[in-house]
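A structural walkthrough
Okay, here's what each chain looks like letter by letter:
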Amino acid sequence: MASFASRLAEIQATIGRHAEKAARDPAEVRIVAVTKTFPVERIREAIAAGHHRFGENRVQEALPKMAELSGDECEWHLIGHLQTNKARMVEDFSMIQSIDSVRVVDALAARMHRPLDVLIEVNVGEEPQKTGASPAEIEPIVRALQSNPALRLKGLMTIAPLTNNPEAARPFFHSLRLLRDESRQRFGVELPELSMGMTDDYPAAVEEGATLLRLGRALFGPRSL
Ligand SMILES: *Cc1c(COP(=O)(O)O)cnc(C)c1O
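The text that follows walks through the structure, step by step, so that each part is easy to find. Computed from a prediction, not measured in an experiment: that's the story for all the values here. Numbering of residues begins from 1 in every chain and follows the order in which that chain's sequence is written. A pLDDT threshold of at least 70 governs which residues receive local features in this predicted model, and a stricter bar of 80 or more applies before side-chain atom pairs are shown or counted, although totals over entire chains, interfaces and linings include all residues. Here the side-chain values reflect all heavy atoms present in the structure, with hydrogen atoms and water set aside.

**Regarding the overall build of the protein chain**
Across its full length, the protein chain holds eight helices and eight strands. This radius of gyration counts C-alpha atoms alone. The globule rule is 2.2 Å times how many residues there are, raised to the power 0.38. Taken against the 2.2 N^0.38 rule, which gives 17 Å for 225 residues, the C-alpha radius of gyration of the protein chain at 17 Å falls within 12% of a compact globule. Summarising its shape, the C-alpha atoms of the protein chain cover approximately 50 × 40 × 30 Å along the three principal directions. Residue burial in the protein chain is summarised as follows: out of 225 residues, 51% are buried. Contacts are assigned to residue pairs with any non-hydrogen atoms lying within 4.5 Å of each other. Across the protein chain, contacts joining residues at least 24 apart in sequence account for 54% of those joining residues at least 6 apart. In the form shown here, the protein chain has an accessible surface area of approximately 10,500 Å², with 50% of it arising from carbon and sulfur atoms. Positive residues here are Lys and Arg, negative ones are Asp and Glu, while His and the chain termini are left out of the count. Note on charges: their place is set at NZ of Lys, CZ of Arg, CG of Asp or CD of Glu. Charged side chains in the protein chain number 28 positive and 31 negative. The centres of these two groups are separated by 2 Å. Think of it this way: any DSSP run of H or I at least four residues long counts as a helix, any run of E at least two long counts as a strand, and we number them from the N terminus. Under the scheme applied here, a residue whose accessible area is under 20% of the maximum for its type counts as buried, over 50% as exposed, and between as partly exposed, the area being computed with a 1.4 Å probe on protein chains only. Accessible surface area values rest on a Shrake-Rupley calculation with a 1.4 Å probe, where residue burial reflects the displayed protein chains alone.

Structure representation (structure tokens):
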């Protein structure tokens with residue numbers, strides 16, 4: 001089995017090629033290693049390879065791992081839907097990438113005792129079964145965040161519709177970037193981060209402006225579930 005370090009090196013080379021194609025600095029593209037379903041030993045292997053930025057999509061799964069690795073100076077991102085009754089449990093995350101309603105903003109604002117970076121998750125494809133705010137719902141969420149300065153809006157996140165054609169994701173990444181540019185103008189916010197691109201579609205995301213890639217299988221191999 002390939003090691004985390006060798007997979008990471010290969011991914012970094014791929015990022016480099018696609019960043020160059022888009023005339024971007026590859027240093028603008030950071031990797032969030034998605035550790036859901038993977039045990040703490042695999043995360044330790046990543047830390048040993050020098051990687052410290054991780055993502056989990058469920059609070060209940062993340063907290064025990066975070067506790068076990070609390071001596072390791074890791075940065076944890078919540079990338080899955082946050083239920084409002086879990087809002088008080090996210091104090092130790094560095095970033096919540098999955099803000100998708102005013103209700104979640106209000107629940108977090110009522111419970112956070114320190115500043116927290118957040119992204120708005122946008123369902124760009126407007127797929128009915130999927131989490132994420134519709135593009136039209138961005139405005140009320142931005143307004144709610146603007147009245148709660150402890151929640152620091154850093155940008156937008158999306159999950160492209162699942163297909164087996166990596167290029168099919170590109171228009172959704174492009175749309176997220178346009179939404180970001182438009183929101184920046186309309187709301188007078190900076191929005192530097194674009195979290196988009198997963199194992200099957202990250203090269204297109206790099207070309208379309210991603211600053212955060214969320215990679216699970218590319219780094220850890222197949223999930224056995
Ligand atoms: C699981 C997950 C990922 C990573 O998926 P891979 O296909 O393994 O890279 C990225 N983003 C979210 C929101 C996820 O739930």
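**Thoughts on the layout of surface pockets**
The calculated volume of the largest pocket comes to roughly 600 Å³. What lines the largest pocket is a set of 29 residues, and nearest its centre among them are Lys36, Ile159, Leu162, Met198 and Arg214. Ten residues, namely Ala, Val, Leu, Ile, Met, Phe, Trp, Tyr, Cys and Pro, are considered nonpolar, four, namely Asp, Glu, Lys and Arg, are considered charged, and the remaining ones, Gly among them, are considered polar. A per-class count over the lining of the largest pocket returns 11 nonpolar, nine polar and nine charged. Cavity and pocket criteria rest on a 1 Å grid covering protein atoms alone: a 1.4 Å probe that fits but cannot get out defines a cavity, protein on both sides within 12 Å along at least 5 of 7 lines defines an open pocket, and an atom within 4 Å of a point defines a lining residue. Grid points are joined across faces, edges and corners, and a volume is the space filled by probe spheres set on the points.

**Quick notes on the pairing of strand 5 (residues 116–121)**
In terms of burial, strand 5 is a largely internal element, six of the six residues being buried. A two-sided burial pattern is seen for strand 5, the buried positions comprising Leu116, Val118 and Ile120 on one face and Asp117, Leu119 and Glu121 on the other. What makes two strands pair is DSSP finding at least two bridges between them. Here three bridges tie strand 4 (residues 95–99) to strand 5, and the two strands are oriented parallel to one another. Within strand 5, the residue paired with Met95 across the bridge is Asp117. When the strands point away from the viewer, a crossover counts as right-handed if the route from the first strand across the helix to the second turns clockwise. The parallel pair strand 4 and strand 5, bridged by helix 4 (residues 102–111), forms a crossover whose chirality is right-handed. Regarding the hand of the β-α-β motif, the stretch spanning strand 5, helix 5 (residues 138–146) and strand 6 (residues 151–157) is right-handed.

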